[in-house]
Amino acid sequence: MANGLDDVVAADTVLSDVDGVGGHLTIRGHSLMELAGRRRYAQVVRLLFDGFFDDPPSDAELEKAIGKARVEVFDRVQPMLAQLAPLDIYSGMRAGMAVLPDGDSLADALRLIAAPAVLTPALLQLGRGETPVVPDEKADHAGDMLRMLSGAASPALAKALDSYLVTVCDHGLNASTFATRVVASTQAGLTSAILAGLGALKGPLHGGAPGPVIEMLDAIEASGDATAWLRKEIAHGERIMGFGHRIYRVRDPRADALKAVVRQLGSRSETGSRLAFAETVEQAALEVLRIAKPQRSIQTNVEFYTALLLEAVGFPKEAFSNVFAAGRVAGWIAHAREQQATGRLIRPQSRYVGPVPDLVA
Ligand code: COA
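Residues numbered from 1 in each chain as written. Predicted model: local features only at pLDDT ≥ 70, side-chain atom pairs only at ≥ 80, totals over all residues. Heavy atoms only, no water.

Near the ligand, the surroundings consist of 20 residues, among which Ile240, Gly242, Phe243, Arg296 and Asn301 are the closest. For the ligand, a nitrogen atom lies 2.8 Å from a polar atom in the backbone of Phe243. A distance of 2.7 Å separates an oxygen atom of the ligand from a polar atom in the side chain of Arg296. Protein contact buries 77% of the 860 Å² of open area that the ligand shows by itself. (Near = heavy atom within 4 Å. Polar contact = N/O pair within 3.5 Å; in protein donor to acceptor, adjacent residues only side chain to side chain. Areas by Shrake-Rupley, 256 points an atom, 1.4 Å probe, with all protein chains shown as cover.)

A few words now on the side chain of Asn322. Looking at where Asn322 falls in the secondary structure, it is placed in helix H16 (residues 320–342). With a relative accessible area of 0%, Asn322 lands in the buried category. Engagement of the side chain of Asn322 in a polar contact is seen with the side chain of Thr120, the distance being 3.3 Å. Setting aside residues up to four positions removed in sequence, Asn322 forms contacts with Ile89, Tyr90, Met93, Pro116 and Thr120. (Helix = DSSP H or I, 4+ residues; strand = E, 2+ residues; numbered from the N terminus. Buried < 20%, exposed > 50% of the residue type's maximum accessible area, 1.4 Å probe, protein only. Contact = heavy atoms within 4.5 Å.)

Here Asp162 is to be found in helix H8 (residues 155–167). Buried charged residue Asp162 carries no salt bridge. Nearest counter-charge: Arg40, at 5.8 Å. The residues touching Asp162, leaving out its near neighbours within four places in the chain, are Arg39, Arg40, Tyr41 and Ala142. (Lys, Arg positive; Asp, Glu negative; His and termini not counted. Salt bridge = Lys/Arg side-chain N within 4 Å of Asp/Glu carboxyl O.)

Scanning the entire structure with this criterion turns up 21 salt bridges. Its salt-bridge partner being Glu311, residue Arg274 comes within 2.8 Å of it at the nearest N-O pair. Of this pair, Arg274 sits in helix H14 (residues 269–292) while Glu311 sits in helix H15 (residues 302–313), and the two are 37 residues apart along the sequence. Residue classification places Arg274 among the buried residues on the basis of a relative accessible area of 14%. On the accessibility criterion, Glu311 (30% relative accessible area) is partly exposed. Residues Glu287 and Arg290 are paired through a salt bridge, measuring 2.8 Å at the closest nitrogen-oxygen approach. On the criterion of helical spacing, the pair formed by Glu287 and Arg290 is a turn pair, its members being three residues apart in helix H14. By relative accessible area, Glu287 is classed as partly exposed at 36%. Since its relative accessible area comes to 51%, Arg290 is described here as exposed.

In this model, H16 (23 residues) spans 33 Å end to end at C-alpha, consistent with the 33 Å of a helix rising 1.5 Å per residue. Taken as a whole, H16 carries its principal kink of about 45 degrees at Arg328. Counting buried residues along H16, 21 of its 23 residues qualify, which places the element largely inside the surrounding structure. Of the residues trailing H16, Gly343 is marked for its positive phi of about 70 degrees. (Expected span 1.5 Å × (residues − 1). Bend = angle between axes of the 7 residues up to and from the residue.)

Here the focus is the sheet that holds strand E2 (residues 24–27). Pairing within the open sheet is antiparallel, and its three strands lie in the order E1-E2-E3. The open sheet has two free edges, formed respectively by strand E1 (16–19) and strand E3 (30–31), since each of these has just one partner strand. (Pairing = 2+ DSSP bridges.)

This part takes up the nonpolar core. With 112 residues, the main nonpolar core has Phe49, Tyr164, Phe315 and Ile333 as its most contacted residues. The leading source of residues in this core is helix H6 (residues 106–127), at 13 residues. For this core, the two domains that each supply at least three residues are domain 1 (12–206 + 317–342) and domain 2 (210–312). (Core = buried A, V, L, I, M, F, W, Y, C linked by side-chain atoms within 4.5 Å. Domains from an automatic or database assignment.)

According to the domain assignment, the protein chain consists of domain 1 (12–206 + 317–342) and domain 2 (210–312). The C-alpha-based centres of domain 1 and domain 2 are spaced at 25 Å. Each side of the interface is counted separately: domain 1 has 28 residues, and domain 2 has 28 residues. Summed over both partners, the interface of domain 1 with domain 2 buries about 2100 Å², with 76% contributed by carbon and sulfur atoms. (Buried area = accessible area lost by both parts, 1.4 Å probe.)

Okay, unusual backbone geometry next. Not every positive phi belongs to a glycine, and Arg28 is a case in point at roughly 45 degrees. Within the secondary structure layout, Arg28 lies in the loop between E2 and E3. Overall, the relative accessible area of 21% leaves Arg28 in the partly exposed class. In this structure, Asp55 takes a positive phi of about 50 degrees despite not being glycine.

This is the structure we're talking about:
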């Protein structure tokens, strides 16, 4: 039975490769470690988009174009923000993105890149009873996102957020990228395809895990005994958030990339002590999982240190999946364009296992 499509290859891609045995992530010929913290998000967007749009801009031009797109998206969604604000913040973002034009041009793509970065701070501010801050088209993407969130962005926090966006920009044929490619294969526009990705990312088995990681850390801190807390969860059949992966049988390389970023921020005492505590929880969880599930290698995944990083740069846990989408949207768009270019509809088959109709004699 093709339960979960394990080991099924459903696309050829030049975009990224996940080596689950070696623990490597390759993005357009570069290892993750070459990109995270070394290339800015706009540069990585350009890398992913290369060959998928006519007249590709330079890195500097693309950064400016993303800035302009932030302002354009803000102007477009501002009249509806008050109606979106009562929704949960992920649904509010998704609804705001649904009104963007559904074309296939670079301008359409850049509006989709800009939208999560604009909508997330705006909806958070409205939720706090504040007036949303207008984007600054001249600022860098991550820095402007933080400025819109809290009025100011220290270069260190902006760099940390930028590294995060790069780290999660693409990751093979994960559930949301597959969903995006299925819709793109019908030759629907980019907004339709990205809305499918957004739907898939929301669930706790995919992009919804980092918020619950914070809840877990807080609950363990309150309990005072990580191992006992974790054992109890496993005994109740619960999953430990931030651990396990369909492809990786070793540690997710993105976990280390993000941990290094959090460590750099750790000189701020609050982040440093949170990191030290998280490391003890991580060790306890790995040990509990090793004993409870000896048949399976369950290791730390990207979401564990995502939670710490996004908390450190100032996002509340309910917005973590939005920020994940702000990074992953670049990969979704590139995959959508790559799928559209094949001209091939994705249409697998199901095997009927239901009752058969009575045959009329
Ligand atoms: N905690 C506890 N048990 C876990 C686990 C976790 N985080 N991840 C996997 N397992 C266990 C399952 O319970 C199952 O045990 P069983 O054979 O005794 O029933 C076994 O490992 C295999 O699980 P399966 O669901 O087939 O693995 P998968 O490859 O589909 O799992 C995830 C991938 C991501 C869905 C899974 O690891 C998970 O739910 N993780 C927690 C959520 C999370 O962090 N998501 C973010 C992913 S980047």
